[in-house]
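Residue-level listing of the chains:
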Amino acid sequence: METIKSNTEISSLFTHGKRLHTPYLTFIVVRNEKQHDPSGRAAFIAGKKLGNAVWRNSAKRRMRAVCRELGGPWRGYDVIFLAKSNIVRASYSKVLAACDDTLKRAGVR
């Protein structure tokens, strides 16, 4: 899975991306128009304001698992997974269902 690591790219996605909200996380999606790199990329962000290192690591593991299970990263899209405070407390099946519905409505999946 190719991830987005550059701070400048992540800042650009925050500025130009379309935000999709679920009760558990927020997606920031940008259509990747680069002809030479059509493969999709993803970034997983869990902020320090929401919890300690244990919580952040758990949230990132859950977001990576959701991404893999839904077939991501999606060809032609750059997607940021931004954790919300209740992603760790909710059951995995609820998080997965909410993410699947949101991505289908957005046309990513």
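An unreviewed UniProt entry annotates the protein as Ribonuclease P protein component originating from Gordonibacter pamelaeae.

Draft legend 1. Quick look at the overall build of the protein. Assigned secondary structure in the protein consists of three helices and four strands. Starting at the N terminus and walking to the C terminus, you meet the elements of the protein as α-β-β-β-α-β-α. Based on the C-alpha atoms only, the size of the protein along its principal axes is roughly 40 × 30 × 20 Å. Long-range pairs, those at least 24 residues apart, make up 77% of the contacts in the protein with a sequence separation of at least 6. Accessible surface computed for the protein: about 6,200 Å², of which carbon and sulfur atoms make up 49%. Here the protein contributes 21 positive and 8 negative side-chain charges, whose respective centroids are spaced 9 Å apart.

Draft legend 2. Spatial organisation of the pairing of strand S4 (residues 77-83). Among the seven residues of S4, seven are classified as buried, and the element is accordingly described as predominantly covered. Of the two faces of S4, both are covered, the one formed by Tyr77, Val79, Phe81 and Ala83 as well as the one formed by Asp78, Ile80 and Leu82. Where strand S2 (residues 25-31) lies against S4, seven bridges are found, and the strand directions are antiparallel. Its bridge partner lying in S4, Leu25 is registered against Ala83. Examined bridge by bridge, strand S3 (residues 41-45) and S4 share five bridges and lie parallel to one another. Residue pairing across strands places Phe44 opposite Phe81, the latter belonging to S4. A crossover links S3 with its parallel partner S4, the connecting element being helix H2 (residues 53-69), and its sense is left-handed.

Draft legend 3. Quick look at the state of the cysteines. On inspection of all chains with the given rule, the structure shows zero disulfides. Not engaged in a disulfide, the cysteine Cys67 finds its nearest cysteine sulfur in Cys99; these two sulfurs lie 9.8 Å apart. Among the residues examined, Cys67 registers a relative accessible area of 0% and is labelled buried.

Draft legend 4. Up close: the pattern of salt bridges. Taken as a whole, this structure holds three salt bridges when the rule is applied. Between Glu9 and Arg41 there is a salt bridge, with its nearest N and O atoms 2.9 Å apart. Placement of the pair is Glu9 in helix H1 (residues 7-16) and Arg41 in strand S3, with a sequence separation of 32 residues. A residue is classified by how much of its surface remains accessible, and Glu9, at 28% relative accessible area, is partly exposed. Judged by its relative accessible area of 10%, Arg41 falls in the buried class. Of the charged contacts in the structure, one is a salt bridge between Arg41 and Asp78, with a shortest N-O distance of 3.0 Å. Of this pair, Arg41 sits in strand S3 while Asp78 is found in strand S4, placing the two residues 37 residues apart along the sequence.

About the thresholds
Residues numbered from 1 in each chain as written. Predicted model: local features only at pLDDT ≥ 70, side-chain atom pairs only at ≥ 80, totals over all residues. Heavy atoms only, no water. Helix = DSSP H or I, 4+ residues; strand = E, 2+ residues; numbered from the N terminus. Contact = heavy atoms within 4.5 Å. Areas by Shrake-Rupley, 256 points an atom, 1.4 Å probe, with all protein chains shown as cover. Lys, Arg positive; Asp, Glu negative; His and termini not counted. Charge placed at Lys NZ, Arg CZ, Asp CG, Glu CD. Buried < 20%, exposed > 50% of the residue type's maximum accessible area, 1.4 Å probe, protein only. Pairing = 2+ DSSP bridges. Right-handed = clockwise from strand over helix to strand, strands pointing away. Disulfide = S-S within 2.5 Å. Salt bridge = Lys/Arg side-chain N within 4 Å of Asp/Glu carboxyl O.

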